[in-house]
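One letter stands for each residue in the lines below.
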Amino acid sequence: MVMRTMLRGLAGTAALAFLTTAAVSAGTAPAQATGSGAALRWGTVMEVSTLDPVYGTNYWELVAMYNSYDTLLWPDAEKGVKPWLAESWTISPDGREYAFKIRAGQKFHDGSEITAEDVAFSMVRMLTVNGPSASSFRMINASGVSYEGDTVTFKLDSPNSSFLKALLLFRIVNKDLILANLKPGAFGEMQDYGNAFLRTNDAGSGPYELETYRPGEILRLKKFDGYTLAPQKGEAPATVEFQVTPEIATIVTKLRAGELDIGDPTLPSTVQRQLGELQAMQRREDTMPSPWFVIMDNARAPLDDVWVRRAVASAYDRDTVTKHILGAGGPLAGPVPAEMLPGCEGVTTYPFDLAKAREYLSKSKYPAGELSKRKLQIAAVAGSDRFNNVAMLLATNLTKIGIPTEVRPVRWADIVQAQTKPETAYDFVLYYDPAKVSDPTLFLNYYTKSGWGDPYPPGGMYYENPKVTELVQAGIHSTDPKVQTDSYCQANKLIAEDSPAVFSHTEVRQVTSWDYVKGFPPSAGAIFYDMRFENWAIDQNSKDFQNNQKR
């Protein structure tokens, strides 16, 4: 019954997608490229609720921030990282002190020069306001940040093998611009530390700067002419516009009509296949190290019982999810994708088996009568058909085994806020987590106390296994790659056995666009770096491009 309902929903979406374009032309005016170059128009489902690099969490917020801000380092496929805003660095013999020399002559979007003082300010602000980005920097506190001349120094509480890669997530903000725009707030002389200003304004130095931002409607970035960290390619888009459109059918119709150049990756795979078969359009599939999870609140009954959690995992029908709802997906065993822990074999998995789920449930401390008293809730991102359909499937199967469950569509920003406390965290949250850096601790930290309460879906998991914490810390504090790999692999196995989340699958990113869009260059193992638009190209000689830009 659930599958029929779900498939009818997809079929309905597909049918709506091919309506005429007459009804969908209202809304934003056509994007006009500024200066030379093309406008790239992207139809997106989720809203961009903040531009602050410390608080961005969803896909489109991160894409905007990766283009508006720069980092000290850049991902490198062989070495892990290479110089970027930092032209060089040194590490003290005890592995605790990192000194970065800042490259001279680099500019913020307002024309002022980036200094070591800006870098130090950015780190202290991130640690102090403690937004989601700070979760990768628990190894340092504000008192360990200093600068002198063109060098900024970070002193860690203890050696940490993940620090350099974590810096790929640390974005530099313009100190003077922020100080000129402080509002009343809770941070003493720093007032609100620029939170209100940065939510809707740009204080970065990246290859694109903010042109227009109307929350819930449109975000338009334009090429920053003063950018010198990478070549300014003439074929790169002059402007990039995210048109926020919750209705998938509208995105598809505008894409087909040439009013958009590229569609949201969350468009149903059936629809993307149909679009990809049209002349002058293309569809690409990229296997990504982006795991899909169903996070559970391990602090609340009945999910504080390992047998209930194993029952939930056994009631999750991943084959139907990947083959019929999403259209694709790779294997996943434990929280860390296999690409990041090669050779980690023997990880426990829970195949879909309702009889086994009932058997696990019979071993729990909660009798059937107690399990039926409270209806558990699955938070699915509002407006996303694929999240909603996956959640519906799980809710139906859980109800079949005696765990009444319902699906709640919730705004992404509300989900991440709810996860900051055990009493407000949702019983289940469905989400996927791109491997923003190629380091297992990106995922493993959430299975230790250091990740509890982070404003991000796994921050609401509240899971602890002392042995897991010990293993993760052993890997972090070691400089021996073998010790790191062995420790993280053992932690991965223990977590999988405890089943604090459903480990669904890894993402296969599907994107449909007009064939004049040439994008997604190699990211060197750090997702979102393939979304830096200075490395994209638009074939401006294409007649389809020329026709579409007039729409």
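Given the structure is predicted, the values throughout are model-derived calculations rather than measurements.

Right, let's talk about the overall build of the chain for a bit. Within the chain, the secondary structure is distributed over 18 helices and 17 strands. For the chain, the C-alpha radius of gyration of 23 Å lies close to 24 Å, the compact-globule estimate for 551 residues. Once the C-alpha set of the chain is aligned to its principal axes, its extents read approximately 65 × 65 × 45 Å. When the 551 residues of the chain are sorted by exposure, 59% land in the buried category. When contacts within the chain are restricted to residue pairs at least 6 apart in sequence, those whose partners lie at least 24 apart make up 73%. A total accessible area of about 21,100 Å² is found for the chain, and carbon and sulfur atoms account for 51% of it.

Right, let's get into helix 2 (residues 59-68). Burial analysis of helix 2 places 10 of its 10 residues in the buried class, which makes it a mostly covered element. When helix 2 is considered as a whole, its buried residues turn out to be Tyr59, Trp60, Glu61, Leu62, Val63, Ala64, Met65, Tyr66, Asn67 and Ser68. In this structure, the buried side of helix 2 is in contact with strand 1 (39-44), strand 8 (208-214), strand 9 (218-223), strand 10 (239-244), strand 14 (428-432) and strand 15 (501-514). The residue sitting at the N-terminus of helix 2 and contributing the capping side-chain oxygen is Asn58; that oxygen lies 3.0 Å from the backbone nitrogen of Trp60.

On to the packing of helix 9 (residues 306-314) against helix 11 (residues 354-362). Each packed pair of helices is defined by two parameters, the angle between the axes and the distance between the axes. Packing of helix 9 against helix 11 brings their axes to within 8 Å, and their N-to-C directions diverge by 170 degrees. With respect to their mutual orientation, helix 9 and helix 11 come out roughly antiparallel. From helix 9, Trp307, Val308, Arg310, Ala311 and Ser314 reach across to helix 11, where they touch Leu354, Ala357, Tyr360 and Leu361. The residue inventory of the contact of helix 9 with helix 11, partitioned by class, reads 7 nonpolar, 1 polar and 1 charged.

Quick look at the packing of helix 10 (residues 318-325) against helix 13 (residues 385-400) now. Between helix 10 and helix 13, the shortest axis-to-axis distance is 10 Å and the interhelical angle comes to 150 degrees. In this view, helix 10 runs roughly antiparallel relative to helix 13, as classed from their interaxial angle. Remark: the crossing between helix 10 and helix 13 carries right-handed chirality. The residues of helix 13 that touch helix 10, namely those facing Thr320, Val321 and Ile325, are Arg386, Asn389, Val390 and Leu393. Tallied by class, residues from the contact of helix 10 with helix 13 come to 4 nonpolar, 2 polar and 1 charged.

Scanning the entire structure with this criterion turns up 25 salt bridges. The partner of Glu217 in a salt bridge is Arg214, with the nearest N and O atoms 3.1 Å apart. Accessibility expressed as a relative area gives 32% for Glu217, which makes it partly exposed. Across the pair Asp304 and Lys365 runs a salt bridge whose closest N-O atoms are separated by 3.6 Å. One end of the pair, Asp304, is in the loop between strand 11 (281-296) and helix 9; the other, Lys365, is in the loop between helix 11 and helix 12 (368-371), with 61 residues separating them in the sequence.

Another point: the state of the cysteines. Evaluated as defined, the whole model comprises 1 disulfide. Paired through a disulfide, Cys344 and Cys489 show a sulfur-sulfur distance of 2.1 Å. One disulfide, between Cys344 and Cys489, carries an S-S torsion of 90 degrees and so falls in the right-handed class. Note that Cys344 is positioned in the loop between helix 10 and helix 11 and Cys489 in helix 17 (residues 481-498), a separation of 145 residues in sequence. A relative accessible area of 16% means that Cys344 is categorised as buried.

Here we have 4 strands laid out as an open sheet, ordered 1-10-9-8, and mixed in their pairing. Edge strands, defined here as strands with exactly one partner in the open sheet, are strand 1 and strand 8. Going from strand to strand, the sheet's axes swing by 15 degrees on average, the running direction of each strand aside. Where strand 1 lies against strand 10, 6 bridges are found, and the strand directions are parallel. Bridging across to strand 10, Thr44 finds its partner in Val244.

Here the largest pocket defines a volume of roughly 740 Å³. Along the walls of the largest pocket sit 35 residues, with Ser161, Lys165, Ser438, Asp439 and Gln484 positioned nearest its centre. Residue assignment for the lining of the largest pocket shows that the elements contributing at least two residues are strand 2 (73-76), strand 3 (80-83), helix 4 (163-166), helix 16 (466-477) and helix 17. When residues in the lining of the largest pocket are grouped by element, the largest group, 4 residues, is from helix 17. Considering only residue class, the lining of the largest pocket consists of 18 nonpolar, 12 polar and 5 charged. Its volume calculated, the second largest pocket comes out at about 370 Å³. Residue lining of the second largest pocket: 17 residues in total, with Thr50, Tyr55, Pro132, Val416 and Gln417 positioned closest to the centre. Those elements giving two or more residues to the lining of the second largest pocket turn out to be helix 6 (195-200) and helix 14 (412-418). Ranked by the residues each element gives to the lining of the second largest pocket, the list is headed by helix 14, at 4 residues. Across the lining of the second largest pocket, the residue classes break down as 7 nonpolar, 7 polar and 3 charged.

Moving on, we get to the environment of Ile403. Its place among the elements puts Ile403 in the loop between helix 13 and strand 13 (405-410). For the pair formed by Ile403 and Ala313, sequence separation is 90 residues and the distance between their alpha carbons is 13 Å. Ile403 has contacts with Val308, Val312, Leu361, Leu376 and Leu398, leaving out every residue within four places of it along the chain.

On to the side chain of Thr322, then. Mapped onto the elements of the fold, Thr322 is located in helix 10. Aside from chain neighbours lying at most four places away, what touches Thr322 is Gly327, Ala328, Gly329 and His505.

Our focus in this paragraph is helix 8 (residues 269-276). For helix 8, the full list of buried residues reads Ser269, Val271, Gln272 and Leu275. The arc that holds the buried residues of helix 8, viewed along the axis, is 155 degrees, so those residues lie on one side.

Thresholds, definitions, all that
Residues numbered from 1 in each chain as written. Predicted model: local features only at pLDDT ≥ 70, side-chain atom pairs only at ≥ 80, totals over all residues. Heavy atoms only, no water. Helix = DSSP H or I, 4+ residues; strand = E, 2+ residues; numbered from the N terminus. Rg over C-alpha atoms; globule rule 2.2 N^0.38 Å. Buried < 20%, exposed > 50% of the residue type's maximum accessible area, 1.4 Å probe, protein only. Contact = heavy atoms within 4.5 Å. Areas by Shrake-Rupley, 256 points an atom, 1.4 Å probe, with all protein chains shown as cover. Polar contact = N/O pair within 3.5 Å; in protein donor to acceptor, adjacent residues only side chain to side chain. Axes fitted to C-alpha atoms, helices over the stretch in contact; angles between N-to-C directions. Parallel < 35°, antiparallel > 145°, perpendicular 65-115°, else oblique. Nonpolar A, V, L, I, M, F, W, Y, C, P; charged D, E, K, R; others polar. Left-handed = near helix turned anticlockwise from the far one by under 90°. Salt bridge = Lys/Arg side-chain N within 4 Å of Asp/Glu carboxyl O. Disulfide = S-S within 2.5 Å. Pairing = 2+ DSSP bridges. 1 Å grid on protein atoms, 1.4 Å probe; cavity = no way out; pocket = protein on both sides within 12 Å on 5 of 7 lines; lining within 4 Å. Points joined across faces, edges and corners; volume = space filled by probe spheres on them. Arc of directions from axis to C-beta.

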